Amino acid sequence: MKSAVKTPYSSEQITAWLRGLLSIAWADGNFDAQEQELITSLTKDELAPCLDWNSLEIITPEELAAVLGKGTSAAENFLRTAVMVAIADGTYSPSEEELLQQFCQALELQTQALTALRHTLEATEQTEEPILHPPDILHPMRDWLDKLDIQDPRVARFLCKMIPSQCPFERDVTLFGRKIVHIPPMCKINPLYEQLVGLRFRALSYLADDCGEDISAYI
């Protein structure tokens, strides 16, 4: 049962929000059918059930700012979810970094957290270490994500679906009986995993305590 809690976001804002997430997903040029299906399942029911996902197009930073406003809480909360889409797989590509910076400029938001992420990208280029390594410089990002203001049940449901309830198991991918790749647990790939799990818990608490929703489907 969906709650009837009043949301601070208009339908126009939610549509722009979704287009912004789509733009981030497309930023690295690797938006395949599987990724599209995943993002669709995470967003279409939670954020905009009446919206035709196939009609969505990427959004320019200027369009996004015109709808969400400049320097607003809606703009900053969008940016937090955009960062989560960018780092959900444990990587942070130069193209994602470039688009997020363009969003920041258009929305007139400057965050120390994104600077920290950029430093991880620079360190990766120099050392060829995993993109989100080392985690020591990511404290600003953790603090910034903690400040995500959950005031909309659709956004809360999106977080509950996007973030897994537990760290996915590591596994080997085999082809014709031979191991071709080893996939480590998500918590080993992404040093922000625990932070995302904390956000998931806050979203669950909001749905249960503030919205009175049954959250059993997310547990």
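Residues numbered from 1 in each chain as written. Predicted model: local features only at pLDDT ≥ 70, side-chain atom pairs only at ≥ 80, totals over all residues. Heavy atoms only, no water.

As annotated in an unreviewed UniProt entry, the protein carries the name Mo-dependent nitrogenase family protein and is attributed to Anabaena cylindrica.

Draft legend 1. Region of the structure containing the overall build of the protein. Across its full length, the protein holds ten helices and two strands. Helices (α) and strands (β) of the protein occur, in sequence order from the N terminus, as α-α-α-α-α-α-α-α-β-β-α-α. Considering the protein as a whole, with its 219 residues, one finds that 46% of them fall into the buried category. In the protein, of all internal contacts separated by at least 6 residues, the share reaching a separation of at least 24 is 74%. Here the protein displays about 11600 Å² of accessible surface, and carbon together with sulfur accounts for 51% of that area. (Helix = DSSP H or I, 4+ residues; strand = E, 2+ residues; numbered from the N terminus. Buried < 20%, exposed > 50% of the residue type's maximum accessible area, 1.4 Å probe, protein only. Contact = heavy atoms within 4.5 Å. Areas by Shrake-Rupley, 256 points an atom, 1.4 Å probe, with all protein chains shown as cover.)

Draft legend 2. Looking closely at the environment of glutamate 57. Take glutamate 57: it is sitting in the loop between α2 (33-43) and α3 (61-68). Spatially, the C-alpha atoms of glutamate 57 and glycine 20 are 9.0 Å apart, while their sequence positions differ by 37 residues. Apart from residues no more than four positions distant in its own chain, glutamate 57 is found in contact with Arg19 and Leu22.

Draft legend 3. Layout of the confidence of the model for the protein. Across the protein, the average pLDDT comes to 76, with 66% of residues at or above 70. Across residues 127-131 the pLDDT falls below 50, and counting only partners more than four positions away or on other chains, this stretch makes nine contacts in the model. (pLDDT = per-residue confidence, 0-100.)

Draft legend 4. The arrangement of the environment of methionine 141 in detail. With respect to the helices and strands, the residue methionine 141 is situated in helix α7 (residues 139-146). In this structure, the C-alpha to C-alpha distance between methionine 141 and alanine 116, residues 25 residues apart in sequence, is 7.0 Å.

Draft legend 5. Seen up close, the side chain of threonine 81. Position of threonine 81 among the secondary structure elements: in helix α4 (residues 73-87). According to the relative accessible area criterion, threonine 81 is buried, its value standing at 0%. Looking at threonine 81, its side chain comes within polar contact range of the side chain of tryptophan 17, at 3.0 Å. (Polar contact = N/O pair within 3.5 Å; in protein donor to acceptor, adjacent residues only side chain to side chain.)

Draft legend 6. Structural context of helix α1 (residues 11-27). With 17 residues, α1 should reach 24 Å at 1.5 Å per residue; the first-to-last C-alpha distance of 24 Å fits that figure. α1 sits mainly inside the fold: twelve of its 17 residues count as buried. The complete set of buried residues in α1 reads Gln13, Ile14, Ala16, Trp17, Leu18, Arg19, Gly20, Leu21, Leu22, Ser23, Ile24 and Ala25. (Expected span 1.5 Å × (residues − 1).)

Draft legend 7. Geometry of the nonpolar core. With 53 residues, the main nonpolar core has Phe78, Met84, Leu100, Phe103, Leu107, Leu114 and Met141 as its most contacted residues. Among the secondary structure elements, those contributing two or more residues to this core are α1, α3, α4, α5 (94-107), α6 (112-127), α7, α8 (153-162) and α10 (193-210). Among the elements that make up this core, the one with the highest residue count is α4 (nine residues). Sequence-distant contacts of phenylalanine 103, defined by excluding residues within four places in its chain, comprise Gly20, Ser23, Ile24, Ile59, Thr60, Pro61, Leu64, Phe78 and Leu79. (Core = buried A, V, L, I, M, F, W, Y, C linked by side-chain atoms within 4.5 Å.)

Draft legend 8. Seen up close, the packing of α1 against α4. With their axes 9 Å apart at the nearest point, α1 and α4 run at an angle of 30° to one another. Between α1 and α4, the interaxial angle falls into the category roughly parallel. The handedness of the crossing between α1 and α4 is right-handed. Between α1, through Gln13, Trp17, Gly20, Leu21 and Ile24, and α4, the contact on the second element is made entirely by Ala74, Asn77, Phe78, Thr81, Ala82, Val85 and Ala86. Taken together, the residues of the contact of α1 with α4 break down into eight nonpolar, four polar and no charged. (Axes fitted to C-alpha atoms, helices over the stretch in contact; angles between N-to-C directions. Parallel < 35°, antiparallel > 145°, perpendicular 65-115°, else oblique. Left-handed = near helix turned anticlockwise from the far one by under 90°. Nonpolar A, V, L, I, M, F, W, Y, C, P; charged D, E, K, R; others polar.)

Draft legend 9. Representation of unusual backbone geometry within the structure. Its identity is not glycine, yet glutamate 108 carries a phi of approximately 55°, on the positive side. Considering the arrangement of structural elements, one finds glutamate 108 in the loop between α5 and α6.

Draft legend 10. Broad picture of the packing of aromatic side chains. Applying the stated rule across the entire model yields three aromatic pairs. Centre to centre, the rings of tryptophan 17 and phenylalanine 78 are 6.2 Å apart; their planes meet at 90°, and the pair counts as edge-to-face. In this pair, tryptophan 17 sits in helix α1 while phenylalanine 78 sits in helix α4, placing the two residues 61 residues apart along the sequence. Since its relative accessible area comes to 0%, phenylalanine 78 is described here as buried. Seen in terms of ring centroids, phenylalanine 78 and phenylalanine 103 are 5.6 Å apart; in terms of plane orientation they differ by 75°. Their pairing is edge-to-face. In this pair, phenylalanine 78 sits in helix α4 while phenylalanine 103 sits in helix α5, placing the two residues 25 residues apart along the sequence. Phenylalanine 103 matches phenylalanine 78 in its accessibility class, with the two residues each being buried. (Phe/Tyr/Trp six-rings, centres within 6.5 Å; stacked < 30°, edge-to-face > 60°.)

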